[in-house]
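Okay, here's what each chain looks like letter by letter:
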Amino acid sequence: MCEAGVILETLHHAADDAGLRFPLSLGGKGSATVGGLVATNAGGTQVLRHGSMRALVLGLEAVLPDGSVFDALTPLKKDNRGFDLKQLLIGSEGTLGIVTAATLKLEPAVAARSVVWAGLESIAAARELLLHCQAAEGDALEGFEVMPDHCLANVLRFLPDARAPLTGPHAWHALIELDTGATDADGLAARAEAMLTGAFEAGLIEDAAIAQNEAQAEAFWQLREMIAPAERAAGPAVQHDVSVPLASVPDFVDEAVPAVEAAFPHTRAVAFGHLGDGNVHFHVIAPPGVGGPAWQEGEGKAISRFVHDLVAKWRGSISAEHGIGQLKRDELRRLGDPVALALMGKVKAALDPLGIMNPGKLL
Ligand code: ZN
């Protein structure tokens, strides 16, 4: 059990001290609280294997708008007493109540990991590679991230001491992590190698490198984690956090990137992130020399509507892991299923008739 004010990084250390781990992390781990992670159903790079907060919260306590305390902290694997009210509160962005504590799912500590960087000819090949890795390693597959070549190039410009993991140019890159517990730690490196050999033979990858030590593994991950800071340093952009059905990700990206760049001349669209979750962060960088609030409010908003329309066409979500908040509230209203929106409105009105919980957000 964990109180809502605990910082994610503190939780990681506490689990670590007990020989366990909490398998969710994100860039803001030094300031993100458990209550906030629950309220926003936070995700990250380990959702592929462990799920988002929804899968990691086993029990929950919250203060409701009328002042009553909803106590469902006891973790019950089976419980069929009606509605799952815990899940109703998770991801509700504080609009239905305030999460005060949670019982969280911990996993055994990782005994060994193998981090791989692969160069690919297309995002379609990345999707095939993901299926290959899942078939070969199944439950050991902890993360599968992708980025286009110009995205990696921007990170390398931002980090002058960093090195490209592979020598040649590749249109797309995949960062793959396999993790295992103590019982089969010794064989993991050989398994990673066999997985890659199979991928080469199937023509799925152009080149690949396996991190030879922990420092190199961290260096590979740093290239992924520095995408957003490197982009911010390069100039203004509008950001979208979207998901489409897993099998549609390559077709969506291959359609959306050129479509955005054609509709908004001199912009540059970048799709990167959690291929294994069908979730890409779709950023559109302002034309050179353009930017600032005027651009964000004008062309920036038009770009967002354009991107979200494409997402809707592919039957996806305009918020995969970042939530709705204030920023996407109007877009949710514009594109959301009217039945679902009405249902959310009714739940909100029933639980919070005075509208005192986080007003102006989500709904
Ligand atoms: Zn993300």
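Residues numbered from 1 in each chain as written. Predicted model: local features only at pLDDT ≥ 70, side-chain atom pairs only at ≥ 80, totals over all residues. Heavy atoms only, no water.

Before going further, it helps to spend a moment on the packing of helix 6 (residues 123–137) against helix 8 (residues 188–201). The interhelical angle for the contact between helix 6 and helix 8, taken along N-to-C directions, is 140°, at an axis separation of 10 Å. Between helix 6 and helix 8, the crossing angle belongs to the class labelled oblique. Crossing geometry of helix 6 relative to helix 8 is assigned as right-handed. On the side of helix 6, the interface is formed by Leu129, His132, Cys133, Ala136 and Glu137, while helix 8 contributes Arg191, Met195, Gly198 and Ala199. Its residues assigned to classes, the contact of helix 6 with helix 8 comprises 5 nonpolar, 2 polar and 2 charged. (Axes fitted to C-alpha atoms, helices over the stretch in contact; angles between N-to-C directions. Helix = DSSP H or I, 4+ residues; strand = E, 2+ residues; numbered from the N terminus. Parallel < 35°, antiparallel > 145°, perpendicular 65-115°, else oblique. Left-handed = near helix turned anticlockwise from the far one by under 90°. Contact = heavy atoms within 4.5 Å. Nonpolar A, V, L, I, M, F, W, Y, C, P; charged D, E, K, R; others polar.)

Take the nonpolar core next. In this structure, Leu129, Phe144, Ile176, Phe252, Val253 and Phe282 are the most contacted members of the largest nonpolar core, which totals 50 residues. Excluding anything up to four places from it in sequence, Phe282 contacts Val238, Gln239, His240, Val242, Phe252, Ala256, Val257, Val260, Ala269, Val270, Ala271 and Val307. Leu11, Val38, Phe70 and Ala102 belong to the second largest nonpolar core, which has 22 residues in total. (Core = buried A, V, L, I, M, F, W, Y, C linked by side-chain atoms within 4.5 Å. Buried < 20%, exposed > 50% of the residue type's maximum accessible area, 1.4 Å probe, protein only.)

How two aromatic rings sit relative to each other is given by the distance of their centres and the angle of their planes. Per the counting criterion, the structure on display carries 3 aromatic pairs. Plain terms: the ring middles of Trp117 and Phe220 are 5.9 Å apart, the flat faces sit at 65° to each other, and that makes the pair edge-to-face. On the criterion of sequence distance, the pair formed by Trp117 in strand 7 (residues 112–120) and Phe220 in helix 9 (residues 214–225) is long-range, its members being 103 residues apart. The exposure class of Phe220 is buried, given its relative accessible area of 4%. Aromatic pair Phe264 and Phe306: ring centres 5.5 Å apart, planes at 90°, arrangement edge-to-face. Of this pair, Phe264 sits in the loop between helix 11 (249–263) and strand 12 (268–274) while Phe306 is found in helix 12 (residues 292–313), placing the two residues 42 residues apart along the sequence. When its relative accessible area of 28% is taken as the criterion, Phe306 is described as partly exposed. (Phe/Tyr/Trp six-rings, centres within 6.5 Å; stacked < 30°, edge-to-face > 60°.)

Those donors, His274 (NE2), His281 (NE2) and Glu321 (OE), are the protein atoms that reach the zinc ion, and they lie 1.8 to 2.2 Å from it. Positions of the donor residues of the zinc ion along the chain correspond to the pattern H-x6-H-x39-E. In this structure His274 comes out as buried when scored by relative accessible area, which is 2%. Residue class for His281 comes out buried when judged on its relative accessible area of 6%. (Donors = N, O, S within 2.8 Å, 3.2 Å for Na, K, Ca; no water.)

Attention now goes to a nonpolar patch on the surface. On the surface, Phe83, Leu85, Leu88 and Leu351 cluster together into a nonpolar patch covering about 390 Å² of accessible area. Overall, Leu351 belongs to the partly exposed group, its relative accessible area being 32%. (Patch = residues over 30% accessible without salt bridge, like charges linked within 9 Å, V, L, I, M, F, W, Y side chains within 5 Å. Areas by Shrake-Rupley, 256 points an atom, 1.4 Å probe, with all protein chains shown as cover. Salt bridge = Lys/Arg side-chain N within 4 Å of Asp/Glu carboxyl O.)

Moving on to the environment of Pro75. On the secondary structure map, Pro75 appears in the loop between strand 4 (69–72) and helix 5 (85–89). Overall, Pro75 belongs to the partly exposed group, its relative accessible area being 45%. Each C-alpha atom, one on Pro75 and one on Ser248, is 36 Å from the other, the two residues being 173 residues apart in sequence.

This brings us to the pairing of strand 9 (residues 172–180). In terms of residue burial, strand 9 counts as a mostly covered element, since 9 of its 9 residues are buried. By the alternation rule, side chains of strand 9 split into Trp172, Ala174, Ile176, Leu178 and Thr180 and His173, Leu175, Glu177 and Asp179, which are all buried. Where strand 7 lies against strand 9, 9 bridges are found, and the strand directions are antiparallel. By the bridge assignment for strand 9, Arg113 is matched with Asp179. The sheet contact formed by strand 8 (residues 141–148) and strand 9 spans 7 bridges and is antiparallel. Within strand 9, the position partnered with Val146 by the bridge is Ala174. (Pairing = 2+ DSSP bridges.)

What follows deals with the environment of Leu141. Relative to the assigned elements, Leu141 resides in strand 8. Each C-alpha atom, one on Leu141 and one on Ser243, is 20 Å from the other, the two residues being 102 residues apart in sequence. In this view, Leu141 contacts Leu48, Arg49, Leu130, Cys133, Gln134, Ile176, Glu177 and Leu178; residues no more than four positions away in its chain are not counted.

This brings us to the pattern of salt bridges. Applying the stated rule across the entire model yields 15 salt bridges. In this structure, Glu107 engages Lys105 in a salt bridge whose closest nitrogen and oxygen atoms are separated by 3.9 Å. The exposure class of Lys105 is partly exposed, given its relative accessible area of 33%. Glu297 is the partner of Lys301 in a salt bridge, and the nearest nitrogen-oxygen pair spans 3.0 Å.

Looking now at the sheet that holds strand 5 (residues 98–104). Backbone-to-backbone hydrogen bonds join strands into a sheet, with any given pair of strands oriented parallel or antiparallel. Taking strand neighbours across the sheet as the criterion, the 4 strands line up as 1-5-3-4 in an open arrangement whose pairing is antiparallel. Only two strands of the sheet have a single partner each, and these edge strands are strand 1 (2–3) and strand 4. Bridge count for strand 3 (residues 57–63) against strand 5 is 6 bridges, and the pairing is antiparallel. Counterpart to Val63 in the pairing with strand 5 is Ile98.

Within the fold, Asn41 resides in the loop between helix 2 (34–39) and helix 3 (47–50). Within the structure, the side chain of Asn41 is placed 3.1 Å from the side chain of Ser52, a separation counted as a polar contact. (Polar contact = N/O pair within 3.5 Å; in protein donor to acceptor, adjacent residues only side chain to side chain.)

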